[in-house]
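Here is what each chain is made of, one letter per residue.
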Amino acid sequence: MKFIPDPIGRFCHRMASPPHFYALSGKLLPWLTGIFLILLACGLYGGLYLAPPDYQQGDSYRIIYIHVPSAWMSLFIYIVMAITGAIGLIWRIKLAEIVAISSASVGASFTFIALVTGSLWGKPMWGTWWVWDARLTSELILLFLYLGVIGLYNAIDDKRTASKAVAILALVGVVNIPIIHYSVEWWNTLHQGPTVTKMDKPSIHVSMLIPLLLMAIAFKFYYVIAMLQRARLELLQRERTAAWVKKLVSEPSNSSS
Amino acid sequence: MNLQEFLAMGGYAFYVWVSYGICFAVLLANIVLPVMQRKQLIRQLAEKQQRQQP
Amino acid sequence: MSLTHAFFAILRRDLILAVRRRSEIANPLLFFILVITLFPLGIGARPQLLQAIAPGIIWVSALLAAMLSLDSLFRSDFDDGSLEQILLSPHPVSILILGKIVAHWLVTGLPLLLIAPLLAVFLGMPQPAIGVLLLSLLLGTPVLSLIGAIGVALTVGLRRGGMILSLLVLPLYVPVLIFAGNAVEMASNGLPVTAQINILIAILLLSLVLAPWPTAAALKMSMN
């Protein structure tokens, strides 16, 4: 804590205290959900209705509005997981540990979505459900990395220890991801040749780009919502004997929120 | 463009709607499951507390 | 005791222990040979087909053999408490751990190199490719031990860590598999492989420098 000035450190500490976080996230969640739903509605309306069909792929390209943002999120969340894991590891901040592990399942879900939608997009474009395309392959390996993180966390009984293990693994993974990605890309160009350029760059027009960006922002909000929900559960499970949880549970008005 | 045409997605209806369906099913599950588990946990803890101090 | 002394003391101790328990050397080696024998039985012994997939078979088998041998890296030291002693020593833990990894590689990785030419002949690999295969194994298998050490360190405290270990370690092995397998394949076709070998050297150096740190951290975590 030496590099951080005292008042800021104290502020962070208070913010990171479990009861405060639990109450604050509870207040923020309806707002976040509202913003997410608005963004999602705009993005879907723009993407599925307003945007014209692609001149090569017809309407099938509309999968891009969930496929590409999911793929972005899958990588983004892994990096967030590694950073918060590192914070938890270095400064022993319980909340950072919880954010790290709560991100893992959301990230794995986005990776799964990117894979499934990629396959569903690939079927009409390539004629097969699965092609060993560089992006799909690295996405698959990323899914294994996520599953490793989740599996390791569940395998260790003591959750503080499990969080440390997860943080170390996430950091190792984050160093490896660029290497894996580069190697897969290199492998792909050697073995496949330029087969799938069609999917890489659908001629993107502004009317297609704006919904894509809206969806990307909506997914960012979604990530925060889902992560907070998971973190609230995780927090209660870990702190079930703490005084603030007992107080929370005994208040009937809170038990429903 | 009428609704029929919109749903047909230029012949790609299956791929597009299954993609969106799976996507939102997974996203919804990621919200609903933790919320349900948390409520269950709160209920359990409340019951336990009541049993301990009637 | 200086750091170099400590490093070599650990190395020597682990080698002596390994020689006493010879099965630890023999098992991954037998596994390696056995898996490679299974492939012709499974897909048919057409020479052309075997030759085409030989680099991939040998490297995938090496990957699996390396992964199976990982458990012995810290297991016995963890069980009998000597790992705790290592962690308590005044020397940097990562260097001492590196000593253990090097010993482990000498015991489980190096034998793969010795047996590989024989298996390459089994699979009908052309002469010049065998040299590249050996070079790729020489550069690649230490990386497998180094990366694997992180995974074992994370799971050594678990009762059933085997399954989870493969999930942690195998995805991280992908770059080695790609570059090494490709180098051998290119060499079989008489193409230059400088790029692949250079990348393997870079990966080896990188993991040599970086991998002992998380391994040491993970061991400390597993101990308490």
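Predicted model only: the values in this text are computed from it and were never measured.

Engineer: I tried to follow the overall build of chain A on my own but got confused; where do I start?
Structural biologist: Across its full length, chain A carries 10 helices and 0 strands. Looking at chain A as a whole, 44% of its 257 residues are labelled buried. Pairs at least 24 apart in sequence give 80% of the contacts found in chain A among residues at least 6 apart.

Engineer: Looking at this model, I keep getting lost on the interface of chain A and chain C. Mind explaining?
Structural biologist: When the parts of a complex come together, some accessible area is lost, and that lost area is often used as the size of the interface. With 24 residues of chain A in contact, the opposing surface of chain C contributes 18 residues. Broken down by secondary-structure element, the contributors of at least two residues to the side of chain A that touches chain C are helix H5 (134-155) and helix H6 (159-192) of chain A. The biggest single contributor to the side of chain A that touches chain C is H6(A), with 15 residues. Per-class residue counts for the side of chain A that touches chain C are 18 nonpolar, 5 polar and 1 charged.

Engineer: I keep staring at the nonpolar core and nothing clicks. Help me out?
Structural biologist: Side chains of nonpolar character tend, in soluble globular proteins, to be buried together. Formed by 147 residues in total, the largest nonpolar core has its most connected members in Leu152(A), Ile168(A), Leu169(A) and Ile58(C). Apart from residues no more than four positions distant in its own chain, Leu169(A) is found in contact with Gly148(A), Val149(A), Leu152(A), Leu154(C) and Leu168(C).

Engineer: What am I meant to see in the confidence of the model for chain A here?
Structural biologist: Note that predicted coordinates carrying low pLDDT should not be read in detail. Chain-level statistics for chain A give a pLDDT mean of 85 and a share of 86% at 70 or above. Across chain A, helix H3 (residues 64-91) of chain A holds the top mean pLDDT of 93, while helix H7 (residues 197-200) of chain A sits lowest at 48.

Engineer: I keep staring at the interface of chain B and chain A and nothing clicks. Help me out?
Structural biologist: Each partner contributes residues to the interface: chain B has 25 residues there, and chain A has 34 residues. In terms of residue count, the dominant contributor to the side of chain B that touches chain A is helix H2 (residues 13-52) of chain B (20 residues). Grouping the constituent residues of the side of chain B that touches chain A by class yields 18 nonpolar, 6 polar and 1 charged.

Engineer: Where do I start with the arrangement of the chains in this structure?
Structural biologist: Contact analysis covers 2 pairs of chains in contact, and the most contacts occur between chains A and B. With respect to C-alpha atoms, chain B approaches chain C no nearer than 23 Å, and the pair has no contact.

Engineer: Explain the confidence of the model for chain B here, please?
Structural biologist: Mean pLDDT over chain B works out to 87, with 96% of the residues at or above the 70 mark. For this predicted complex, the interface confidence score (ipTM) comes to 0.90, while the overall pTM stands at 0.90.

Engineer: I tried to follow helix H10 (residues 212-223) of chain C on my own but got confused; where do I start?
Structural biologist: Note on helix geometry: an α-helix contains 3.6 residues per turn, so any two residues three or four positions apart are oriented the same way. Residue and element names in this part refer to chain C. With 12 residues, H10 should reach 16 Å at 1.5 Å per residue; the first-to-last C-alpha distance of 16 Å fits that figure. Here H10 lies mainly inside the structure; 9 of its 12 residues are buried. When we look at burial in H10, the residues that qualify are Pro212, Pro214, Thr215, Ala216, Ala217, Ala218, Leu219, Met221 and Ser222.

Engineer: So what exactly am I meant to see when it comes to the environment of Tyr173(C) here?
Structural biologist: Residues and elements named next belong to chain C. Position of tyrosine 173 relative to the elements: it lies in helix H8 (residues 162-188). A sequence separation of 106 residues divides tyrosine 173 from methionine 67, and the C-alpha atoms of the two residues are 9.7 Å apart. In contact with tyrosine 173, other than residues within four places in its own chain, are Leu63, Leu144 and Ile147.

Engineer: Help me understand the environment of Ala6(C) in this model?
Structural biologist: Residue and element names in this part refer to chain C. Looking at the element boundaries, alanine 6 is found in helix H1 (residues 3-20). According to the C-beta neighbour criterion, alanine 6 is partly exposed, with 18 such atoms within 10 Å. Taking the C-alpha atoms as reference, alanine 6 lies 30 Å from valine 176; in sequence the two are 170 residues apart. Ignoring any residue separated from it by four or fewer positions in sequence, one finds alanine 6 in contact with Met1, Ser89, His91 and Leu96.

Engineer: In this structure, what is going on with the packing of helix H4 (residues 94-126) of chain A against H2(B)? I would like to understand it.
Structural biologist: Packed helix pairs are specified by the crossing angle of their axes together with the interaxial distance, meaning the distance between the axes. Between H4(A) and H2(B), the shortest axis-to-axis distance is 9 Å and the interhelical angle comes to 175 degrees. Here H2(B) runs roughly antiparallel to H4(A), going by the angle between their axes. Together, Ser105(A), Val106(A), Ser109(A), Phe112(A), Ile113(A), Val116(A), Thr117(A), Leu120(A), Trp121(A), Lys123(A) and Pro124(A) of H4(A) and Tyr15(B), Val18(B), Ser19(B), Ile22(B), Cys23(B), Val26(B) and Asn30(B) of H2(B) make up the contact between the two elements. In terms of residue class, the contact of H4(A) with H2(B) is made up of 12 nonpolar, 5 polar and 1 charged.

Engineer: In this structure, what is going on with helix H3 (residues 47-69) of chain C? I would like to understand it.
Structural biologist: Residues and elements named next belong to chain C. Over its 23 residues, H3 runs 31 Å from end to end, which matches the ideal 33 Å to within 8%, given 1.5 Å per residue. Along H3, the largest kink reaches about 55 degrees and is centred on isoleucine 53; proline proline 55 follows within four residues of it. All of the buried residues in H3 are Ala54, Pro55, Ile57, Ile58, Trp59, Ser61, Ala62, Leu63, Ala65, Ala66, Met67 and Ser69. Of the surrounding elements, those touching the buried residues of H3 are helix H2 (23-43), helix H6 (93-122), helix H7 (127-155) and H8.

Calculation notes
Per chain, residues are indexed from 1 in the order of the written sequence. The naming scheme follows written order: chains are lettered A onward, ligands numbered 1 onward. Local features in this predicted model are restricted to residues whose pLDDT is 70 or higher, and side-chain atom pairs enter the listing and the counts only when it is 80 or higher, whereas totals over whole chains, interfaces and linings include all residues. Working definition: helices are DSSP H or I runs of at least four residues, strands are E runs of at least two. Numbering for both runs from the N terminus. Here a residue counts as buried when 20 or more other C-beta atoms fall within 10 Å of its C-beta, as exposed when 12 or fewer do, and as partly exposed in between; the C-beta atoms come from the backbone. Here contacts are defined at the residue level, using C-beta atoms placed from the backbone and a cut-off of 7 Å between them. Residue polarity is assigned by list, with Asp, Glu, Lys and Arg as charged and Ala, Val, Leu, Ile, Met, Phe, Trp, Tyr, Cys and Pro as nonpolar; anything else, Gly included, falls into the polar class. We define a nonpolar core as a collection of buried residues of the types Ala, Val, Leu, Ile, Met, Phe, Trp, Tyr and Cys that are connected via C-beta atoms lying within 7 Å of each other. Note on scores: pLDDT gives the predictor's confidence for each residue, bounded by 0 and 100. Each residue after the first adds 1.5 Å to the expected span of a helix. Helix axes use the C-alpha atoms of the stretch in contact, all axes being lines fitted to C-alpha atoms, and the angles between their N-to-C directions lie in the range 0 to 180 degrees. Roughly parallel refers to an angle under 35 degrees, roughly antiparallel to one over 145, roughly perpendicular to one between 65 and 115, and oblique to any angle outside these ranges. For a residue, the bend is simply the angle between two axes, fitted respectively to the seven-residue segment ending there and the seven-residue segment starting there.

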